[in-house]
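# Examining the three-dimensional arrangement
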Amino acid sequence: QWPMDPFFLPEGATLLATGDRVENQAYRVGDRTWGIQWHFEIDRPEIEMWVGSFEQADGGLESTWGKAGATIRAEADRFQATHETKGREVFTRFARLTASA
């Protein structure tokens, strides 16, 4: 997800998660339709690739993401293990749900 890519909730949606810069982060419509605005699959090397590419881009990282690369790297160091654990759980549960459909 990019901070500049907000979206509006579809009619009848239930908001499930919010963020600081982009309010709508996840939603559900009924029992089987979910919309998610973040990357469960991202690992630390991919974060580094994204940060590095935006640091090189015109306008830099702070103008796009609102944070310096050092801040994002520190957050990744702090939260990455938990993020990956939760991401695996979401993918596992989604796979079970679709297999039972």
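This report concerns the structure included in the present document. (Residues numbered from 1 in each chain as written. Predicted model: local features only at pLDDT ≥ 70, side-chain atom pairs only at ≥ 80, totals over all residues. Heavy atoms only, no water.)

## A few points about the overall build of the protein
Definition in use: Strands here are runs of E lasting at least two residues and helices are runs of H or I lasting at least four, both read from the DSSP assignment and numbered beginning at the N terminus. Surface exposure here means Shrake-Rupley accessible area, sampled with a 1.4 Å probe, where a residue is shielded only by the protein chains that are shown. Asp and Glu count as negative and Lys and Arg as positive, but His and the ends of the chain are not part of the count. Think of each charge as sitting on NZ of Lys, CZ of Arg, CG of Asp or CD of Glu.
Of regular secondary structure, the protein possesses 3 helices and 3 strands. Secondary structure elements of the protein, listed N to C terminal, follow the sequence β-β-β-α-α-α. Looking at the protein as shown, the accessible area adds up to about 7100 Å², and 53% of this sits on carbon and sulfur atoms. Distance from the positive charge centre (11 side chains) to the negative charge centre (16 side chains) of the protein: 8 Å.

## Some remarks on the layout of surface pockets
Where empty space is left can be seen by rolling a probe of water-molecule size over the atoms. To keep things clear, this is the line we draw: Points on a 1 Å grid over protein atoms alone make up a cavity when a 1.4 Å probe fits among them but cannot get out, and a pocket when they form an open set with protein on both sides within 12 Å along at least five of seven lines; lining residues each have an atom within 4 Å of a point. Grid points are joined across faces, edges and corners, and a volume is the space filled by probe spheres set on the points.
Counted as a void, the second largest pocket has a volume near 180 Å³. In terms of lining residues, the second largest pocket is bounded by Leu-16, Ala-26, Tyr-27, Trp-34, Ile-36, Trp-38, Phe-40, Glu-89, Val-90, Arg-93 and Leu-97. Put simply, the parts of the chain that give the lining of the second largest pocket at least two residues each are strand S2 (24–29), strand S3 (33–36) and helix H3 (69–99).

## A closer look at the pairing of S3
The line we're drawing: Each pair of strands is called paired provided DSSP finds at least two bridges between the two strands.
Pairing geometry for S2 and S3, over 4 bridges, is antiparallel. For Arg-28, the partnering residue across the bridge sits in S3 and is Trp-34. The loop that links S2 with its antiparallel partner S3 comprises 3 residues; one of these, Gly-30, has a positive phi angle of about 70 degrees.

## As for the pattern of salt bridges
Our working rule: A pair is scored as a salt bridge if a Lys or Arg side-chain nitrogen falls within 4 Å of a carboxyl oxygen belonging to Asp or Glu. Think of it in three bands: residues with accessible area under 20% of the maximum for their type are buried, residues over 50% are exposed, and the middle band is partly exposed, with areas taken using a 1.4 Å probe on protein chains only.
Tallied over the entire structure, the rule returns 6 salt bridges. Across the salt bridge formed by Glu-75 and Lys-67, the nearest N and O atoms sit 2.9 Å from each other. On the basis of relative accessibility, which here comes to 29%, the residue Glu-75 falls in the partly exposed class. Assessed through its relative accessible area of 32%, Lys-67 is described here as partly exposed.

## A short note on the pairing of strand S1 (residues 14–18)
Bridging between S1 and S2 involves 4 bridges; their strand directions are antiparallel. Paired with Thr-14 across the bridge in S2 is Arg-28. Count of turn residues in the S1/S2 antiparallel hairpin: 5 residues.

Spatial relationships are all this shows, so hold off on functional conclusions.
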